[in-house]
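What the coordinates show
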Amino acid sequence: MGNSKTVRFKIKRQASPAAKSYWEEFELPRHSGMNVISSLMEIAGNPVTRDGRTTTPVTYDSNCLEEICGSCAMLINGKARMACSALVDKLDQPIRLEPFSKFPVVRDLAVDRSVLFENLKAVKAWVPIDGSYDLGPGPRLTMQDQEAAYPLSRCISCCCCMEACPQFNEETNFVGAAAISQVRLFNTHPTGSALKRERLSALMGDGGIHECGYAQNCVEVCPKDIPLTRSIAEVGGAVMKQAIGDLFRK
Amino acid sequence: MSATASPSAPFDVDEGVSPLRAGQGHSFLLRRIHSLSGIIPVGAFLVEHFISNAFATRGPGAYAKQVELLSGFPFVVGLELFGIWLPILYHALYGFYIWYRGESNVAEYPWTGNWMYNSQRWTGAIAFFYMVWHTWHLRFSGIHILSHPASAFGKVQLEFQNPLAVAFYALGIFCASWHFAYGLWLFAAKWGITTGDAARRRFGYVCFAVGLLFMLVGAVTMYSFLSTPLQRLEPGVSGAESFVMK
Ligand code: HEM
Ligand code: SF4
Ligand code: SF4
Ligand code: FES
C-alpha cells in the first residue's frame, strides 16, 4: 500500500506487437473522483516512473469517458472492465493495468479487437435493405419486443464478455456472447429477421454458439448489463429448432 | 486493423482468436451429440443404474432378481455396447477434449457459474476414472454377474471389505450425481428450454433436488450392502470367465 495521499499503478507495457512486455510502476497524487483513464492522462502529461525514470507515455484507447464508446476496456486488477468508469477509490492498490490477454496487443494497453467486427459481419448483424425504392413505413415492433430489444442494443463492442469467457480462446475460436446477443437483436427486428435463417446457420459453424460452456462470466462482466445468458439460451434454442427442422426439410 | 508500431519482427506476433467460420465444419454436430449423450443414453442409464441398485435395500434376493431381469434382456451385450459403453466413452473422451480446449479462469472471475463450469469438468473426470475401476472390478473381472445374478450382492459386499473402495464408491456416486444434476441444468439452458432468468433459477432448484436425491439413494444403497451380513458367492464358480457372452 502506498501512502494514502498517493495512488500506485503497476502497468504492463509493450512497445510493439512483437516486442516483449515488461512492468512499470507509477505513483500519482490522489484526488477525489479520479478514475483509471484520468490517471493515465496524468501519466501521459508527466511520464515518469515511481523510481524517477522518464519513460514513454502509456498508450491506451479511450474516447467518450462515460462508458458509452466501448474503447477503454482493459484488465484492471486482473478483471476485464472499462477504465473510464473504474474509480480509483474503489480499487485495491497498487492498481494493476494490463491489456486484454486474448486480443493482439498493438501497444501497451491498446489491443486489436477487430475479431468482434469480423464476427458481427459473419453473423450478418445488420438490418438488410428491403427495397431500392421507398416502401413506406416499416412494420412496427410490439411493445414487448421493443422492451426485449432495447437492452440488447446497448452493446458497446467493448469485448469484456469475450475476454472473461473461458471458452473464448485460440483453441475454440468461439464467437463470444456479444455477437450471439446481436443475432437475437437483429432476429427480433421485423425487417432484420429476413436474415434470421442465415444468422442461425452461421452460428452452427466452427466457433459457433455450441462452444459456450455456460460459465456465465460474460453476463457478470458486461458493463451495459446486457442479459447475455438469456440471449445465449434463446438463440441456442432457435439454432436447435432450425438444425432439427433442417434434418427433415433439407 | 493495421498495427502502428515498428515493423520489427512479424513472427511471434499474437494472432489472437480467429473469427467465426460461419456455417463451416462439424463441431456443432459433435458438440450437440456430446450434450445429448449426457442425457440420452448416458443420463438415462445412470437413472436405471441407481434404481436397479436400490433394490439392494430390499435384500439380496430382490437384488438378484433385478440383476437377473437386466441380464435376461434380449441382445444384452449389444444393448450394453451401443446403449452404455460407447456413448459413455464418446461423452467422456469428447468431454476431456472440451476441457482441454477451455481456459479456466476462476482465479480472476470467482463467480458461481464459473465454479460450476469447472466442477462439471472435475466431477466428469473423477466419475470417468471411478467408472473405469468400477466396471473393471464388477463387470470384467471376478465372478461373472450376468450369468450368476445370485452372486451379485456378495460380489459388491466383497468389494466393500476395503474401506478405500467404500470411499471411492462414495466419491464416485457424489461426482456422478453432481455432474448429472448440473448437466440437466446446462442442457436445459443450452438447448433453449429454460430461456428466462427466473426459469433457469427455478430449474436450478429442481436440479439441486435431483442431485441430492441421487446422492441420498446412493448412500442408502451403499448402507444396505454394508449392513447386510456377508453373502456367500455361488459355490463352484471361480473368476475369469468370458465376460462378453452369457
Ligand atoms: C456418469 C456419467 C455421465 C453423465 C450422466 C453425464 C451427463 C452430462 C450432461 C447431461 C451434461 C450436460 C450437457 C452439456 O453441458 O452440453 C454433461 C456435460 C459435460 N460432461 Fe458429462 N456426463 C457423464 C460423464 C462424463 C465424463 C466421464 C466426462 C469426462 C470428463 C464428462 C464431461 C463433461 C463435460 C466437459 C461437460 C460440459 C460440456 C460443456 O460445458 O459444454 N462427462 N454431462
Ligand atoms: S456463458 Fe460462459 S462460456 Fe458462454 S459465452 Fe458467457 S462466459 Fe462464455
Ligand atoms: S455484450 Fe456487453 S461486454 Fe460484450 S461487447 Fe457488448 S457491452 Fe461489451
Ligand atoms: S472511454 Fe468510452 S467507454 Fe470508456
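Residues numbered from 1 in each chain as written. Chains lettered and ligands numbered in written order. Predicted model: local features only at pLDDT ≥ 70, side-chain atom pairs only at ≥ 80, totals over all residues. Heavy atoms only, no water.

All right, on to the coordination of the iron atom of ligand 1 then. Residue and element names in this part refer to chain B. Surrounding the iron atom of ligand 1 are the protein donor atoms His91 (NE2) and His179 (NE2), at 2.0 Å. Between the six donor atoms coordinating the iron atom of ligand 1, the angles at the centre fall across 87 to 180°, so the site counts as octahedral. Taken together, the residues span a long stretch of sequence, with His91 in helix H4 (residues 76-101) and His179 in helix H7 (residues 163-190) at a distance of 88 residues. (Donors = N, O, S within 2.8 Å, 3.2 Å for Na, K, Ca; no water. Tetrahedral: all angles 85-135°; square planar, octahedral: opposite > 155°, others 65-115°. Helix = DSSP H or I, 4+ residues; strand = E, 2+ residues; numbered from the N terminus.)

What follows is about the pairing of strand E3 (residues 73-76) of chain A. A regular strand places its side chains on the two faces of the sheet in alternate fashion. All names here are of chain A. Side-chain alternation along E3 places Ala73 and Leu75 on one buried face and Met74 and Ile76 on a second face that is also buried. Pairing analysis gives four bridges linking E3 to strand E4 (residues 79-82), with the strands arranged antiparallel. Counted as the bridge partner of Ala73 is Met82 from E4. Adjacent in sequence and paired antiparallel, E3 and E4 are bridged by two residues, among which Asn77 carries a positive phi angle near 50°. Bridge count between E3 and strand E5 (residues 95-98): two bridges; the pairing is antiparallel. Within E5, the residue paired with Ile76 across the bridge is Leu97. (Buried < 20%, exposed > 50% of the residue type's maximum accessible area, 1.4 Å probe, protein only. Pairing = 2+ DSSP bridges.)

On to the packing of helix H5 (residues 177-188) of chain A against helix H8 (residues 228-249) of chain A. Residue and element names in this part refer to chain A. Contact geometry for H5 and H8: axes closest at 9 Å, N-to-C directions at 65°. For the crossing formed where H5 meets H8, the hand is left-handed. In this structure, H5 uses Ala177, Ile180, Ser181, Val183 and Arg184 to contact H8, whose residues at the interface are Leu228, Arg230, Ser231, Ile232, Glu234 and Val235. Counted by class, the contact of H5 with H8 contains six nonpolar, two polar and three charged residues. (Axes fitted to C-alpha atoms, helices over the stretch in contact; angles between N-to-C directions. Left-handed = near helix turned anticlockwise from the far one by under 90°. Contact = heavy atoms within 4.5 Å. Nonpolar A, V, L, I, M, F, W, Y, C, P; charged D, E, K, R; others polar.)

Bringing a negative patch on the surface into the picture now. Side chains of A:Glu170, A:Glu171, B:Asp14, B:Glu15 and B:Glu103 sit close together on the surface and give a patch of like negative charge. Looking at the secondary structure, you find B:Glu15 in the segment before helix H1 (27-39). Given a relative accessible area of 66%, B:Glu15 falls into the exposed group. (Patch = residues over 30% accessible without salt bridge, like charges linked within 9 Å, V, L, I, M, F, W, Y side chains within 5 Å. Areas by Shrake-Rupley, 256 points an atom, 1.4 Å probe, with all protein chains shown as cover. Salt bridge = Lys/Arg side-chain N within 4 Å of Asp/Glu carboxyl O. Lys, Arg positive; Asp, Glu negative; His and termini not counted. Charge placed at Lys NZ, Arg CZ, Asp CG, Glu CD.)

Taken together, 23 residues form the shell around ligand 1, and within it B:Arg31, B:Ser35, B:His91, B:His179 and B:Lys190 come nearest. With respect to ligand 1, its neighbouring residues span chains A and B. Within the side chain of B:Ser35, one N or O atom sits 2.6 Å away from an oxygen atom of ligand 1. In the model, an oxygen atom of ligand 1 is placed 3.0 Å from a nitrogen or oxygen of the B:Arg121 side chain. Among the elements of the structure, H1, helix H2 (42-54), H4, helix H5 (112-138) and H7 of chain B are those that each provide at least two residues to the shell around ligand 1. No other element matches the six residues that H5(B) contributes to the shell around ligand 1. (Near = heavy atom within 4 Å. Polar contact = N/O pair within 3.5 Å; in protein donor to acceptor, adjacent residues only side chain to side chain.)

With that out of the way, let us pick up the site of ligand 3. Neighbouring ligand 3 are 13 residues; A:Cys155, A:Cys158, A:Cys159, A:Cys161 and A:Cys222 lie closest to it. Residues belonging to the shell around ligand 3 are distributed by class as follows: 11 nonpolar, one polar and one charged.

Quick look at the packing of H1(B) against H2(B) now. In a packed pair of helices, the relevant descriptors are the angle between the two axes and the axis-to-axis distance. Residue and element names in this part refer to chain B. Relative orientation of the contacting elements H1 and H2 amounts to 15°, with a least axis distance of 3 Å. Of the possible angle classes, the one that applies to H1 and H2 is roughly parallel. Here Ser37, Gly38 and Ile39 of H1 come into contact with H2, specifically with Val42, Gly43 and Ala44. The residue makeup of the contact of H1 with H2, split by class, is three nonpolar, three polar and no charged. (Parallel < 35°, antiparallel > 145°, perpendicular 65-115°, else oblique.)

Residue and element names in this part refer to chain B. With 91% of its residues at a pLDDT of at least 70, chain B reaches an overall mean of 92. This stretch, residues 1-10, has a pLDDT under 50; its non-local contacts, to residues over four places away or in other chains, come to 13 contacts. Both confidence scores are given for the complex: pTM 0.92, ipTM 0.93. (pLDDT = per-residue confidence, 0-100.)

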